[in-house]
Amino acid sequence: MKISTKGRYGLKAVVDIAYSLEKNSDKCVSIKSISERQGISENYLEQIIAPLKKARILHSVRGASGGYYLAKPAHELTAGEVLRVLEGPLAPVECVVDGTAVCGDVDCDLCVMKPAWRGLFDRINELMDSITIAELAKDFEQLSEQKQKKRD
């Protein structure tokens, strides 16, 4: 399983929004400001943010001082939720996704590797669901401070 740029950049954008709202106590964060801080094109960010908005992870405000904000508190939102919206199921192989019977074997239930794939699938999801956006925003703040100290 490989997380695409869509998933990685989407997670970065959500963390950036959480961090920016916490640090600056603004009401919302613009695509332009995320783009500048994260080095992601505004057009690509718009494509990434659209499904996050549709999934009600983000809400938007229109107008000159508009932008995006989290639909729920950062400590209630997980990396797994964001990644599943952008990437789909976080599965190492298709046959472990509920309701999917894609396998080289005629009877997928007889696949000797299926329990191992299921275990990996469960652990990936448990890990990603245990990481909150609030934790990632705090880590981002610490990394930003370290980077600033190196510059000084």
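You'll find the structure just up there.
Reading guide: rules and limits
Counting from 1, residues in each chain are numbered in the order their sequence is written. Per-residue local features of the predicted model are confined to residues with pLDDT of at least 70, and side-chain atom pairs are confined, for both listing and counting, to 80 or more; whole-chain, interface and lining totals are unaffected and use all residues. Only hydrogens and water are set aside when side-chain values are computed; all heavy atoms of the structure are taken into account. We define a nonpolar core as any set of buried Ala, Val, Leu, Ile, Met, Phe, Trp, Tyr and Cys residues linked to one another through side-chain atoms lying within 4.5 Å. Burial classes: relative accessible area under 20% of the type maximum marks a residue as buried, over 50% as exposed, and values in between as partly exposed (1.4 Å probe, protein chains only). The way it works is that DSSP assigns letters per residue, a run of H or I at least four long becomes a helix, a run of E at least two long becomes a strand, and they are numbered from the N terminus. Whether two residues are in contact is decided by their heavy atoms, any of which lying within 4.5 Å being enough. Aromatic contacts are taken between Phe, Tyr and Trp rings whose centres are within 6.5 Å, Trp giving its six-membered ring; a plane angle under 30 degrees counts as stacked, one over 60 as edge-to-face, and the others as tilted.

### Topic: the nonpolar core
Membership of the largest hydrophobic core comes to 31 residues, with the highest contact counts inside it found for Ile17, Leu52, Leu70, Val82 and Ile133. Of all the secondary structure elements, the ones that give two or more residues to this core are helix 1 (5-24), helix 2 (31-38), helix 3 (42-54), strand 2 (67-70), helix 4 (79-87), helix 5 (114-130) and helix 6 (133-151). The biggest single contributor to this core is helix 1, with eight residues. Residues contacting Leu70, with those up to four places away along its chain left out, are Val14, Ile17, Ala18, Leu21, Ile57, Leu58 and Leu77. With five residues, the next largest nonpolar core counts Ala91, Cys95, Cys108 and Phe121 among its residues.

### A few points about the packing of aromatic side chains
Under the criterion given, the structure shown has two aromatic pairs. Geometrically, the ring pair formed by Tyr9 and Tyr44 is edge-to-face, given 5.8 Å between the ring centres and 75 degrees between the ring planes. Taken together, the residues Tyr9 in helix 1 and Tyr44 in helix 3 connect sequence positions 35 residues apart. The partly exposed category is assigned to Tyr44, whose relative accessible area is 24%. Each ring, one from Tyr19 and one from Phe140, has its centre 4.9 Å from the other, and the planes form 85 degrees; the classification is edge-to-face. One end of the pair, Tyr19, is in helix 1; the other, Phe140, is in helix 6, and 121 residues separate them in sequence. Under the relative-accessibility criterion, Tyr19 is labelled buried at 13%.

Function cannot be read off these values alone, since they describe shape.
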